[in-house]
Amino acid sequence: MQSATTKLRVFSGIQPSGGLHLGNYLGAIRNWVRNQDKYDNIFCIVDLHTITVPQDPAALRENTLDLAAVYLASGIKREQAMFVQSHIPAHAELAWILECFIPMGWLERMTQFKEKSGRERERSSAGLFAYPALMAADILLYDTNYVPVGEDQRQHIELTRDVAQRMNQRFGQLFVLPEPMIQAAGARIMGLDDPQKKMSKSLAADSPGHAIFILDGPDLIRKKLARAQTDAQPEVRIPAGPGVTNLLEIYRTITDKDWPAVEQEFTGKPYSVLKGTVADAVIEALTPIQQRYREIRADDAALMRHLHGAAERLTPIAETTLHRVQQAVGLR
Ligand code: ATP
Ligand code: LTN
């Protein structure tokens, strides 16, 4: 069941649900880029997850290409497997089988579902509820060893392990057990407007000051940071409140500095200096990505070919796992 190469397999995905923000970049993509040579990687654009909440069809198509372009522009090499989830039907098929082995109680405990369904629980889609089963299918189809994600996804990976273990116990060694790969720095970037809440695409839709997007220009980045929530103190003091801590966390992650160095750099400095310096660092990191992004999006046909080519190469791996599972449960 181990992959043909000697490298261990990494699988991760992001939803094409709109502009990517600094949390997606620092918590996920940047780590994929940095570690890509060490592993046998599969990077997915999880469009089936995106339709768990209402989408405009034209925007979904556009966001799918955008996300692929951002992956490449961020430094994912062209030889890596980068594909669109819905191009490989085995994802939906395995998800269904897994749903039949996942107790409702496990899904009810998922904090992401509770947060996203909120007070609209009765009206939210069955797909949103079953979302972790589809994510488990994504991961298990490719005998994945590691799943690099931000902290918010840990619970979904635990559920993936739980259902894999449950089915392995019943049917023998069907699945490889995946492990989360969560970096200490940047795993949970908070909203600029409200540092109690995780920076997220959905919250950014209602509040423009919530997130810095990967494609935001320099002026907008400066403006958003200038308005970011800070503390009631006159200057940076350690321990800082949540708003200032979040800015320091962004800074230390993006510059790869350690906490003592960052604390020393800013203790006693006014917030305007902190915000200006963070803006410089963010702009420096994002500008080259934006440039490459524009070049890649100038040829959508090539991007599409890339995505379809990868799906074609991955399909036999996914189908091998699916058939193994179908056989085990008696569907073949
Ligand atoms: P949505 O609001 O639509 O759920 P999201 O902003 O939470 O979107 P996802 O597509 O769910 O983003 O996440 C993509 C990746 O980015 C995941 O690995 C996730 O853990 C990571 N991520 C998302 N938000 C943050 C954040 N604020 N800090 C660090 N990592 C994050
Ligand atoms: N649920 C994840 C996206 C996602 C994913 C995956 C991440 C779907 N399938 C498989 C890692 C592995 C999210 O919302 N960030």
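A brief look at the structure comes next. If you're wondering where the values come from, they're calculated on a predicted model, not measured in any experiment.

1. Considerations on the overall build of the protein chain
Then comes step 1: Broken down by element type, the protein chain carries 14 helices and five strands.
Then comes step 2: In terms of overall size, the protein chain behaves like a compact globule, its C-alpha atoms giving a radius of gyration of 21 Å where 332 residues would be expected to give roughly 20 Å.
Then comes step 3: Among the 332 residues that make up the protein chain, the fraction classed as buried is 51%.
Then comes step 4: Of the contacts made within the protein chain by residues no fewer than 6 positions apart, 77% connect residues no fewer than 24 positions apart.
Then comes step 5: Summed over its atoms, the accessible surface of the protein chain is roughly 15300 Å², and 52% of this surface lies on carbon and sulfur atoms.

2. Topic: the pattern of salt bridges
Then comes step 1: Evaluated as defined, the whole model comprises 17 salt bridges.
Then comes step 2: In this structure, Arg34 and Asp256 form a salt bridge, with 2.7 Å as the shortest nitrogen-oxygen distance. Within this pair, whereas Arg34 is found in helix α1 (residues 22-35), its partner Asp256 is found in the loop between α11 (242-255) and α12 (259-266), the two being separated by 222 residues in sequence.
Then comes step 3: Take Arg34: its relative accessible area is 46%, and that puts it in the partly exposed class.
Then comes step 4: The closest approach of N and O atoms between Asp300 and Arg297, which form a salt bridge, is 2.9 Å.
Then comes step 5: Exposure remark for Asp300: the relative accessible area of 26% places this residue in the partly exposed category.
Then comes step 6: Put simply, Glu62, Asp66, Arg297 and Asp300 are held in one network by salt bridges that share partners.

3. Regarding the site of ligand 2
Then comes step 1: Taken together, 13 residues sit near ligand 2, with Gln15, Tyr131, Met135, Asp138 and Gln153 positioned nearest.
Then comes step 2: Note that an oxygen atom of ligand 2 is positioned 3.3 Å from one of the side-chain N or O atoms of Gln15.
Then comes step 3: Between ligand 2 and Gln153 there is a distance of 3.0 Å, counted from a nitrogen atom to a side-chain nitrogen or oxygen.
Then comes step 4: Here ligand 2 loses 92% of its free accessible area of 370 Å² to cover by the protein chains.
Then comes step 5: Looking at the shell around ligand 2, the elements with two or more residues in it are β1 (9-14) and α7 (126-141).
Then comes step 6: Broken down by element, the residue count for the shell around ligand 2 peaks at four residues, all from α7.

4. Things to note about the site of ligand 1
Then comes step 1: In the vicinity of ligand 1, 22 residues are found, and the nearest of them are Lys116, Asp152, Lys198, Lys201 and Ser202.
Then comes step 2: Within the backbone of Ile189, one N or O atom sits 2.7 Å away from a nitrogen atom of ligand 1.
Then comes step 3: For ligand 1, whose accessible area on its own is 600 Å², the fraction buried by protein is 96%.
Then comes step 4: Of all elements in the fold, only α1 and α9 (201-206) reach the threshold of two or more residues within the shell around ligand 1.
Then comes step 5: Among the elements that line the shell around ligand 1, the one with the most residues is α1, at four residues.
Then comes step 6: A breakdown of the residues in the shell around ligand 1 according to their chemical character gives six nonpolar, 11 polar and five charged.

5. Notes on the packing of aromatic side chains
Then comes step 1: One pass over the full model with this rule turns up nine aromatic pairs.
Then comes step 2: Their ring planes at 70 degrees and their centres at 5.2 Å tell us that Trp32 and Tyr71 sit as a pair that is edge-to-face. Note that Trp32 is positioned in helix α1 and Tyr71 in helix α3 (residues 57-73), a separation of 39 residues in sequence.
Then comes step 3: With a centroid separation of 5.1 Å and an interplanar angle of 85 degrees, the aromatic rings of Tyr251 and Phe266 are classed as edge-to-face. Placement of Tyr251 in helix α11 and of Phe266 in helix α12 is noted, with a sequence separation of 15 residues between them.
Then comes step 4: By relative accessible area, which is 5% here, Tyr251 ends up buried.
Then comes step 5: A relative accessible area of 2% means that Phe266 is categorised as buried.
Then comes step 6: In this structure an aromatic cluster arises from ring pairing among Phe11, Phe83 and Tyr142.

6. Quick look at the nonpolar core
Then comes step 1: Counting 57 residues, the largest nonpolar core has Leu22, Tyr71, Val282 and Leu286 as the members making the most contacts within it.
Then comes step 2: With 11 residues, helix α13 (residues 271-297) is the largest single contributor of residues to this core.
Then comes step 3: The next biggest cluster of nonpolar side chains, apart from the first, holds 45 residues, and it includes Ile102, Val163, Leu314 and Val325.

Rules used throughout
Residues numbered from 1 in each chain as written. Chains lettered and ligands numbered in written order. Predicted model: local features only at pLDDT ≥ 70, side-chain atom pairs only at ≥ 80, totals over all residues. Heavy atoms only, no water. Helix = DSSP H or I, 4+ residues; strand = E, 2+ residues; numbered from the N terminus. Rg over C-alpha atoms; globule rule 2.2 N^0.38 Å. Buried < 20%, exposed > 50% of the residue type's maximum accessible area, 1.4 Å probe, protein only. Contact = heavy atoms within 4.5 Å. Areas by Shrake-Rupley, 256 points an atom, 1.4 Å probe, with all protein chains shown as cover. Salt bridge = Lys/Arg side-chain N within 4 Å of Asp/Glu carboxyl O. Near = heavy atom within 4 Å. Polar contact = N/O pair within 3.5 Å; in protein donor to acceptor, adjacent residues only side chain to side chain. Nonpolar A, V, L, I, M, F, W, Y, C, P; charged D, E, K, R; others polar. Phe/Tyr/Trp six-rings, centres within 6.5 Å; stacked < 30°, edge-to-face > 60°. Core = buried A, V, L, I, M, F, W, Y, C linked by side-chain atoms within 4.5 Å.

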